Amino acid sequence: MGYVLGLDLGTSSLKGLLIDKDCNLVYEASYEYTFYAPKPSYSEQNPEEWILALNSIMEEINSKVIDFGDNLEAISISGQMHGLVMLDEYNKVIRPAILWNDTRTSKQCENILKDFGDKILSITKNRPLEGFTLPKILWVQENEPDLWEQVKHIMLPKDYVVWYLTEKYSTDFSDAAGTLMLDLKNCKWSEAIIEKYKIEKMYLPSIYKSEEFVGEVTDALSLIWQLKNKVKVAAGGADNACAALGAGIVSSEIALVSIGTSGVFLSYEDQPHDNYNGMLHLFNHAISGGYYSMGVTLSAGHSLEWFRRTFARGKMFKELLENIDNINVGCDGLLFTPYIVGERTPYADSKIRGSFIGIDTNHNLDHFTRAVIEGITFSLKDSQVLMEKVANKKFSKIISVGGGAKNKEWLQMQADIFSCEILQLKSEQGPGLGAAFLAMIVAGWYPSLEECVTKNVHYKDSILPNTLATIEYDKVYEKYRKIYKATKEICV
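What comes next concerns the included structure. Model, not experiment: these values are computed from the prediction.

Brief notes about the overall build of the protein
Next up, step 1: Along the backbone of the protein there are 18 helices and 23 strands.
Next up, step 2: Principal-axis analysis of the C-alpha atoms gives the protein an extent of 70 × 55 × 45 Å.
Next up, step 3: Counting across all 492 residues of the protein, residues that qualify as buried make up 60%.
Next up, step 4: Once local pairs closer than 6 in sequence are excluded, the contacts in the protein between residues at least 24 apart make up 72%.
Next up, step 5: Accessible surface for the protein amounts to roughly 20500 Å². Of this, 49% is attributable to carbon and sulfur atoms.
Next up, step 6: Distance from the positive charge centre (50 side chains) to the negative charge centre (64 side chains) of the protein: 4 Å.

Listed below in structure tokens is the structure:
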């Protein structure tokens, strides 16, 4: 008997999945924490809350799984990307972490473009955006110089937890790729970038492969948690990379669509090419030598939640969606764009806002509900179209996870709009499962991530596109694509 623990450090909670050698879920625990918005556009979190959550999870598993301490072999972690954590020379947190969804850094992004132009894209394969780590560092340099003077270690959220476990300063390539400081092709911190902004290289952590051994759980923690083995800790991976692992995205003909608060359309890439010209994110995958491209819809499930809260208060989601199958494709001319907090892909426009177009007196609540869901899916199709046209991809299957995979009508809508076979996971555990796979490798259970994924990721029956519906959706999508340009002029 042996166990590994996959941790998922999210924006609102830390989740832990205890997995055995047959990839059975033995126990699951989750502890919530808060993030703070001290000013408009700010989003911060106290890293010590992550540690409190970790200790609570370890305490709970110890109390519920009698042989946990005897059989835990390895730990790995998936984490929210881009967040800035800074420590002083005594390893004390200097200020709250600035999170991925913090948008205070527009000025710093503009300055990076002025300083580097397209060279930043050639180095990092990404354009400066407020969510990335480098603009956050520049903001601290400019606005909190006294705190910047104290900095001795810069890390990402999951890497702070790895440091707590091992007392080692580390990150992995998939998370480092989201900092806007990684030379993606040469797999190292970019000297041109860090020298330009006076970031000492010694402040940045060593970069590991996601499944690579970083260190062992410290003796002090092993004693507290009653761990009998020398528990190995892997470097871990970015949340989207680990989610892709857990969904089986290890080849370029299969894509992942994930609909949560935001939406993601993700595809495996064999090399860090320049084809997308920054229109999509391009990051290192958790699989060594692999990469992934990713388009983002900022308000996917968030749009549906906003609509329910604003126009259907009191209705549960199941009740809200129960009649959408009675509404025709295209909602009898009603269209919705989910730009209610701006958009990321393909426009990278923080000022654009959403809209309902084509309202008439025949439309009822079910029309509006279906229009919201169609609009979210069209927005994700924008990323699919970019991948297919720019990189000549052709997807044989798309794996659907998150809220969009929990409603059969929405699943059929995805098959029809994407014109592709849709699959669901038999067991959807998200990034935590991908993290557990990394722990399995460092524990020596499998020789490669590919073999681990192939053996342990399984799918339900597929949903095939309806040809007639696809033809109709293609016509509606062409109308949808015109809305952004038509509304941009008034969204200033």
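Structural notes on the pairing of strand E22 (residues 397-402)
Next up, step 1: Counting buried positions over the six residues of E22 gives five, a clear majority of the element.
Next up, step 2: As paired elements, E22 and strand E23 (residues 421-423) share three bridges and run parallel to each other. If you follow isoleucine 398 over to E23, its bridge partner there is isoleucine 422.
Next up, step 3: With helix H15 (residues 408-418) bridging E22 and the parallel E23, this β-α-β connection has right-handed handedness.

Re the sheet that holds strand E18 (residues 281-284)
Next up, step 1: A sheet is described by the order of its strands in space; here six strands give the open sequence E18-E19-E17-E16-E22-E23, paired in mixed fashion. The open sheet terminates on both sides in strands that have one partner only, identified here as E18 and E23. Recorded for the sheet is a direction-independent mean angle of 30° between the axes of neighbouring strands.
Next up, step 2: With four bridges joining them, E18 and strand E19 (residues 291-297) adopt antiparallel strand pairing. The partner of phenylalanine 283 across the bridge, within E19, is tyrosine 292.

Here's the deal with the pattern of salt bridges
Next up, step 1: Applying the stated criterion across every chain yields a total of 18 salt bridges.
Next up, step 2: Residue lysine 488 pairs with aspartate 349 through a salt bridge whose shortest N-O separation is 2.9 Å. Here aspartate 349 lies in the loop between strand E20 (335-337) and strand E21 (355-357) and lysine 488 lies in helix H18 (residues 467-488), a separation of 139 residues in the sequence.
Next up, step 3: With a relative accessible area of 39%, lysine 488 lands in the partly exposed category.
Next up, step 4: Among the residues examined, aspartate 349 registers a relative accessible area of 8% and is labelled buried.
Next up, step 5: For arginine 370, the salt bridge goes to glutamate 374, with nearest N and O atoms at 3.0 Å. Note that arginine 370 and glutamate 374 are positioned in helix H14 (residues 365-390) at a spacing of four residues, about one turn of the helix.
Next up, step 6: Here the salt bridges do not stand alone but share partners, grouping Glu44, Arg95, Asp102, Arg104 and Glu144 into one network.

A word on unusual backbone geometry
Next up, step 1: The amide bond that connects threonine 345 to the next residue, proline 346, takes the cis arrangement and shows omega of 5°.
Next up, step 2: Residue placement: proline 346 occurs in the loop between E20 and E21.
Next up, step 3: Phi at lysine 125 takes a positive value of approximately 65°, unusual for a residue other than glycine.
Next up, step 4: Among the structural elements, lysine 125 can be located in the loop between helix H4 (119-124) and helix H5 (133-143).
Next up, step 5: A residue is classified by how much of its surface remains accessible, and lysine 125, at 7% relative accessible area, is buried.
Next up, step 6: One non-glycine residue, asparagine 392, lies in positive phi territory at about 55°.

Digging into the pairing of strand E16 (residues 254-259)
Next up, step 1: Here E16 lies mainly inside the structure; five of its six residues are buried.
Next up, step 2: By the bridge criterion, six bridges tie E16 to E22 in an arrangement that is parallel. Note on E22: the bridge partner recorded for isoleucine 254 is lysine 397.
Next up, step 3: Looking at chain direction, E16 and strand E17 (residues 263-269) are connected through five bridges and run antiparallel. The residue bridging valine 257 from the neighbouring strand is phenylalanine 265, located in E17.
Next up, step 4: What sits between E16 and E17 in their antiparallel hairpin is a turn of three residues.

Some remarks on the state of the cysteines
Next up, step 1: Within this structure, the stated rule accounts for zero disulfides.
Next up, step 2: In this structure cysteine 242 is a free cysteine whose sulfur lies 12 Å from that of cysteine 452, the closest cysteine sulfur available.
Next up, step 3: Taking the relative accessible area as the measure of exposure, cysteine 242 reaches 0% and is therefore buried.
Next up, step 4: With no disulfide of its own, cysteine 452 lies closest to cysteine 23 among cysteine sulfurs, the gap being 6.5 Å.

Details of the packing of helix H12 (residues 301-311) against H14
When two helices pack together, their arrangement is given by the angle between the helix axes and by the axis-to-axis distance.
Next up, step 1: Closest axis-to-axis distance for the H12/H14 pair is 10 Å, and the angle between their directions is 160°. Relative to H14, H12 is oriented roughly antiparallel. Between H12 and H14 the crossing geometry is right-handed. Mapping the contact onto sequence places Ser303, Leu304, Phe307 and Phe311 in H12 and Leu365, Phe368, Thr369, Val372, Ile373 and Ile376 in H14.
Next up, step 2: Looking at the contact of H12 with H14 residue by residue, the classes come out as eight nonpolar, two polar and no charged.

Thoughts on the packing of aromatic side chains
Given two aromatic rings, their pairing is described by the distance between the two centres and the angle made by the two planes.
Next up, step 1: Within this structure, the stated rule accounts for 22 aromatic pairs.
Next up, step 2: Where phenylalanine 283 meets tyrosine 292, the ring centres are 5.8 Å apart and the plane angle is 65°; that geometry is what we call edge-to-face. This pair shows no difference in class: phenylalanine 283 is buried, exactly as tyrosine 292 is.
Next up, step 3: Through a chain of ring-to-ring contacts, the aromatic side chains of Trp306, Phe307, Phe311, Phe336, Phe356 and Phe368 assemble into a single cluster.
Next up, step 4: Geometry around tryptophan 139 places arginine 104 over its ring, the cationic atom sitting 4.4 Å from the centre.
Next up, step 5: The lysine or arginine in question, arginine 308, covers the ring of phenylalanine 317, its NZ or CZ lying 4.8 Å from the ring centre.

Examining the environment of phenylalanine 265
Next up, step 1: For phenylalanine 265, the position within the fold is in strand E17.
Next up, step 2: According to the relative accessible area criterion, phenylalanine 265 is buried, its value standing at 0%.
Next up, step 3: In this structure the C-alpha to C-alpha distance between phenylalanine 265 and isoleucine 112, which are 153 residues apart in sequence, comes to 27 Å.

Cut-offs applied
Residues numbered from 1 in each chain as written. Predicted model: local features only at pLDDT ≥ 70, side-chain atom pairs only at ≥ 80, totals over all residues. Heavy atoms only, no water. Helix = DSSP H or I, 4+ residues; strand = E, 2+ residues; numbered from the N terminus. Buried < 20%, exposed > 50% of the residue type's maximum accessible area, 1.4 Å probe, protein only. Contact = heavy atoms within 4.5 Å. Areas by Shrake-Rupley, 256 points an atom, 1.4 Å probe, with all protein chains shown as cover. Lys, Arg positive; Asp, Glu negative; His and termini not counted. Charge placed at Lys NZ, Arg CZ, Asp CG, Glu CD. Pairing = 2+ DSSP bridges. Right-handed = clockwise from strand over helix to strand, strands pointing away. Axes fitted to C-alpha atoms, helices over the stretch in contact; angles between N-to-C directions. Salt bridge = Lys/Arg side-chain N within 4 Å of Asp/Glu carboxyl O. Disulfide = S-S within 2.5 Å. Parallel < 35°, antiparallel > 145°, perpendicular 65-115°, else oblique. Left-handed = near helix turned anticlockwise from the far one by under 90°. Nonpolar A, V, L, I, M, F, W, Y, C, P; charged D, E, K, R; others polar. Phe/Tyr/Trp six-rings, centres within 6.5 Å; stacked < 30°, edge-to-face > 60°. Lys NZ or Arg CZ within 6 Å of the ring centre and 35° of its normal.

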